[in-house]
Amino acid sequence: MKCYTPVIYKGLSACKPSAIKNSVLQSEQVQYVIKQLSKEMGESADIIQEEATEILDEMGHNLHIGAIRFFAFSLSKIFKRLFQRVCVNEEGIQKLQQAIQEHPVVLLPSHRSYIDFLMLSYLLYTYDLALPVIAAGMDFLGMKIVGELLRRSGAFFMRRSFGGNRLYWAVFAEYVKTMLRNGYAPIEFFLEGTRSRTSKTLTPKFGLLSIVMEPFFKREVFDTYLVPISISYERILEESLYAYELLGVPKPKESTSGLLKARKILSDNFGSIHVYFGQPVSLRTLASGRINRCPYNLVPRHLPQRLSEDIQEFVTDVAYKMELLQIENMVLSPWVLIASVLLQNLPAIDFDVLVEKTLWLKGITQVFGGFFEWPDNLCANKAVTSSLALHTNIVSLVNGQVVLNDMGIEDGATEELIFKQALSILMCGAYRNQLLNVFVRPSLVAVALQMTQSFRKEEIYNCFNFLRNMFSDEFIFFPGIALKDFEEGCFLLTKCDVIQVTPQEILVTEKGNSAASFLAAMFRPFMEGYQIICRYLSKETKETFTEKQFILGIRNFAFQLLETGSTQCYEVLSSDLQKNALAAFVRLNVMKKMKMTSGLTYTVNKEALSKTEEMFESQIPKRKLVTARL
């Protein structure tokens, strides 16, 4: 049995979960809210205190070393069956070990799979680091045995929505802050809030981040370390499940029986996992010279305070910074390149051509600063063959050609066939999106070059800015630095000789024409998807509709276009793209969101929609990119 002796914050001794709960219940903040609610509702404070106790019992972790050892033993067996290897940057582990001893630590991993939090806890246990307490959804609590095992392994459970429940919010916030202030354990949660079904980093949620930052704002802790963690999968465990969900098939409810039925995946091969622990980021350093904490001194700490605009903006910026650091340290596999090439050469591509294009794309990725992992001592042919063998559920090698499954069938486009083809494309697209996370800025410059009728830098930037705003729900952009993003995109394209930049103009080099076209084509599913949604909305006759009606309407409209061959954009069927387009159109005032008694409804601003449609359609030139002979 492994001897587990972790280093902990300032030599603090472990605290029993029951003591933490008692501390939360007796805290000034929770007691203040209980008294306030008692006055407002005319109810006994004892009854509300009892309700607070029930909330804590439902929520709280019950960390127990026996459960942890059992979990670690079981996970080691499972991981050895599922994965060929797990790679960890040990210098990151050493920095984390040091950070845990100095100040409270918040772990912020990327979220692509349920494996994420299991893998992190397993690694920290293996390296003798303090195990984190993990914010988990209530879904897991309903799983018999497993839910309790997770609780005993450090999970604390939070409702998906608190609504206007002030007591729940007060208890939850105080529970998290008590653990953080006292350094009982690192706190772990996912900034994205949920698993990304598309491998694109999701826009961050700010609630939990603002809670863990509050003790610093109120000077209850000297500093807090935020640790971005990037978890990269060569093959994602839930890839098929995600594709079905994106096409409207309901997500299976988490259950122990469902977990047992999933045992068959243990005979499958999911390649490698890379876990990269980023440099711990000091909250004190981030706030230095930017945040004035004095206003917090004027109000007793236990009184609830609304975040000022400055603080809200700071929390937002920190969230985006952490996600960009996650993206920066994601490890890209050869399959990510293969998927990107294949999606631009459907339904099939010669194997030799695929190898050639994959190597070419590898070169561009390295220039763009992609964090790459290429199999050691393998020639290009073997590396590509090995990747294809790992993903036979998506592609097949037939007579020297690599074919995307279900894409070579041409017996008429029935709805069933379109669904199957969309499944393959969405699974493949999730891996291409990993590359787009890195390529997004130069790719948007390439799209802007295609869309503008001139090569004047100002016009190209204006188009870039329009696209960046439109797709800011699809990809992560740091707020308020559009010009910097544009200059970064131009710099990277210049670095690999795709464009030539003068003070007034941007020209595509003769050598870079194919690269610019490829980069722009990576964005084609999003461009065409949003175009189709614009067309649907322009035909929509209902004055108001719900999100559910919006998604169903687009799905039916897209199926018709695919059946008639009017489009090949299968990715418009993705609920992720549809919801992101809806959010973008609301943000850009193309649509208006209204809260009704029956729920949220939407209306279309036809004039704004028409202008957006023009930007997507009429400005895309029929001619090739403007080139410069250098």
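Residues numbered from 1 in each chain as written. Predicted model: local features only at pLDDT ≥ 70, side-chain atom pairs only at ≥ 80, totals over all residues. Heavy atoms only, no water.

Asks: It is not clear to me how the pattern of salt bridges should be interpreted in this structure. Could you clarify?
Replies: Side chains that differ in charge, positive against negative, can pair when their charged atoms come close. This structure, assessed with the given rule, holds 25 salt bridges. Across the salt bridge formed by E192 and R112, the nearest N and O atoms sit 3.0 Å from each other. Of the two residues, E192 is situated in the loop between β5 (187-188) and α9 (207-217) and R112 in the loop between β2 (105-109) and α6 (115-126); the sequence distance between them amounts to 80 residues. Residue R112 is classed as buried on the basis of its relative accessible area, which comes to 5%. R235 is paired through a salt bridge with D268; the nearest N and O atoms lie 3.2 Å apart. Linking R235 in the loop between β6 (225-233) and α10 (239-246) with D268 in the loop between α11 (256-261) and β7 (272-277), this pair joins segments that are 33 residues apart in sequence. For D268, a relative accessible area of 33% gives the class partly exposed. (Salt bridge = Lys/Arg side-chain N within 4 Å of Asp/Glu carboxyl O. Helix = DSSP H or I, 4+ residues; strand = E, 2+ residues; numbered from the N terminus. Buried < 20%, exposed > 50% of the residue type's maximum accessible area, 1.4 Å probe, protein only.)

Asks: Explain the layout of surface pockets to me, please; I cannot follow it from the model alone.
Replies: With a probe scaled to a water molecule rolled over the atoms, the places where space remains empty come into view. For the second largest pocket, the calculated volume is near 940 Å³. Lining the second largest pocket are 33 residues, and of these E547, S575, D576, K579 and N580 lie nearest its centre. For the lining of the second largest pocket, the elements supplying multiple residues, two or more each, are α10, α23 (547-564), α24 (575-587) and β17 (599-604). Broken down by class, the residue content of the lining of the second largest pocket amounts to 11 nonpolar, seven polar and 15 charged. (1 Å grid on protein atoms, 1.4 Å probe; cavity = no way out; pocket = protein on both sides within 12 Å on 5 of 7 lines; lining within 4 Å. Points joined across faces, edges and corners; volume = space filled by probe spheres on them. Nonpolar A, V, L, I, M, F, W, Y, C, P; charged D, E, K, R; others polar.)

Asks: Any chance you could explain the packing of α10 against helix α18 (residues 415-451) here in plain terms?
Replies: The angle between the axes and the distance between the axes are what describe a pair of packed helices. As a packed pair, α10 and α18 sit with axes 9 Å apart at the nearest point and diverge in direction by 120 degrees. The pairing of α10 with α18 is recorded here as oblique in orientation. Of the two elements, α10 crosses α18, and the hand of that crossing is right-handed. On α18, the residues that touch E239, S240, A243, Y244 and L246 of α10 are F419, L423, L426, M427 and Y431. Grouping the amino acids of the contact of α10 with α18 by side-chain chemistry returns eight nonpolar, one polar and one charged. (Axes fitted to C-alpha atoms, helices over the stretch in contact; angles between N-to-C directions. Parallel < 35°, antiparallel > 145°, perpendicular 65-115°, else oblique. Left-handed = near helix turned anticlockwise from the far one by under 90°. Contact = heavy atoms within 4.5 Å.)

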